[in-house]
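# Structural description and commentary
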Amino acid sequence: MSDLRELYQEIILDHNRRPRNFGELGDANHQAVGHNPLCGDRIVVQVRIADGRIEDVKFTGAGCAISKASASLMTDAIKGKTIDEVHQLFGDFHRMVTSELDTMPPVDRLKKLAAFSGVREFPTRVKCASLAWHTLEAALQEDHRLVTTEA
Ligand code: ZN
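In this report, we go over the structure that sits alongside the text.

### Structural notes on the pattern of salt bridges
- Tallying each qualifying case throughout the model produces eight salt bridges.
- A salt bridge links R20 to D14; the shortest N-O distance between them is 2.7 Å.
- We note a salt bridge from D56 to K79, for which the minimum N-O separation is 3.5 Å. Highlighted residues: D56 in strand β3 (residues 53-62) and K79 in the loop between α2 (65-78) and α3 (83-98), separated in sequence by 23 residues.
- Because the salt bridges share partners, they merge into one network encompassing D14, R18 and R20.

### Brief notes about the nonpolar core
- Core analysis: the largest hydrophobic core is formed by 41 residues, its most contacted members being I54, I78, F93, F116, W133 and L136.
- Listed by contribution, the elements that provide at least two residues to this core are α1 (2-17), β2 (41-50), β3, α2, α3 and α5 (123-150).
- In terms of residue count, the dominant contributor to this core is α5 (nine residues).
- Setting aside residues up to four positions removed in sequence, L136 forms contacts with V45, V47, M74, I78 and V86.

### Topic: the environment of I66
- Mapped onto the fold, I66 is located in helix α2.
- For I66 and L131, which are 65 residues apart along the polypeptide, the C-alpha to C-alpha distance reads 9.8 Å.
- Contacts of I66, omitting those with residues within four sequence positions, involve F116, V119, R125, C128 and A129.

### Considerations on the pairing of β3
- Here β2 pairs with β3 via nine bridges, running antiparallel. Across the sheet, I49 pairs through a bridge with I54, a residue of β3.
- Counting the residues in the hairpin turn of β2 and β3 gives two residues, including D51, whose phi is positive at 55°.

### Quick notes on the environment of R18
- As for its placement among the helices and strands, R18 is situated in the loop between α1 and β1 (30-36).
- For R18, a relative accessible area of 52% puts it in the exposed group.
- As for R18 and S72, which are separated by 54 residues in sequence, their C-alpha atoms are 8.6 Å apart.

### Some details on the coordination of the zinc ion
- The zinc ion binds to the protein through C39 (SG), D41 (OD), D41 (OD), C64 (SG) and C128 (SG), with metal-donor distances spanning 2.1 to 2.7 Å.
- When the donor residues of the zinc ion are listed from N- to C-terminus, their spacing reads C-x1-D-x22-C-x63-C. Of this pair, C39 sits in the loop between β1 and β2 while C64 is found in the loop between β3 and α2, placing the two residues 25 residues apart along the sequence.
- Among the residues examined, C39 registers a relative accessible area of 34% and is labelled partly exposed.
- Judged by its relative accessible area of 14%, C64 is buried.

### Some thoughts on the sheet that holds β3
- Taken in spatial order, the three strands make up an open sheet running β1-β2-β3, and their pairing is antiparallel. Taken across any chain shown, the strands that pair with only one partner, and hence form the sheet edges, are β1 and β3. Across the sheet, the axes of successive neighbouring strands diverge by a mean angle of 20°, strand direction being ignored.
- Examined bridge by bridge, β1 and β2 share seven bridges and lie antiparallel to one another. Across the sheet, residue G34 finds its bridge partner in β2, namely I43.
- Sheet contacts for α2: β2 and β3; angle to β3, the most-contacted strand, approximately 170°.

Rules of the game
Every chain begins its residue count from 1, and numbering advances along the sequence as written. Predicted model: local features are reported for residues with pLDDT of at least 70 only, side-chain atom pairs are reported and counted for 80 or more only, and whole-chain, interface and lining totals are derived from all residues. As a rule here, side-chain values cover all heavy atoms of the structure and leave hydrogens and water aside. The term salt bridge refers to a side-chain nitrogen of Lys or Arg lying within 4 Å of a carboxyl oxygen of Asp or Glu. Helix numbers and strand numbers start at the N terminus; a helix is a DSSP run of H or I with at least 4 residues, a strand a run of E with at least 2. Nine residue types can take part in a nonpolar core, namely buried Ala, Val, Leu, Ile, Met, Phe, Trp, Tyr and Cys, and a core is a set of them joined through side-chain atoms within 4.5 Å. Burial here depends on accessible area, computed with a 1.4 Å probe over protein chains only, as a share of the maximum for the residue type. Under 20% is buried, over 50% is exposed, and the range in between is partly exposed. What makes two residues a contact is simply this: any of their non-hydrogen atoms within 4.5 Å. At least two bridges found by DSSP between two strands is the condition for calling them paired. Donor selection uses N, O and S atoms within 2.8 Å of the metal (3.2 Å for Na, K and Ca). Since no water is included, sites may look incomplete. Note on geometry: axes are C-alpha line fits, over the in-contact stretch for helices, and angles between N-to-C directions span 0 to 180 degrees.

The structure is reproduced here in structure tokens:
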């Protein structure tokens, strides 16, 4: 278990040092801004959705190591997935960082996102780890609104 903890720590440090998908997404068709005032994390998530699938996603912003690593791992995890799959993954992630161990979703679904399983012990860090996901969710909901007004 301590080996696993070290591995998880490594993943978070690595993604904080070298965040993936960091920068502006020029041809994004959905975006949202997220802010975690408790820690000062601020993030912009930009998504390009085509045929109900995340074709590309990038993020910008500034924040603590947890929030940055979480955004980096999230963008890696959702690229190419359908909106339904993304909602499912967010559900799994949310359960993992807020629930007790016995209801933890399977690691084979979460893959590297399981690196954040330790934050449940630190309630203020849960908000840092979830910020990117809530911001993504907001971006996807904006999508819904646009679709319904144009229909
Ligand atoms: Zn933070």
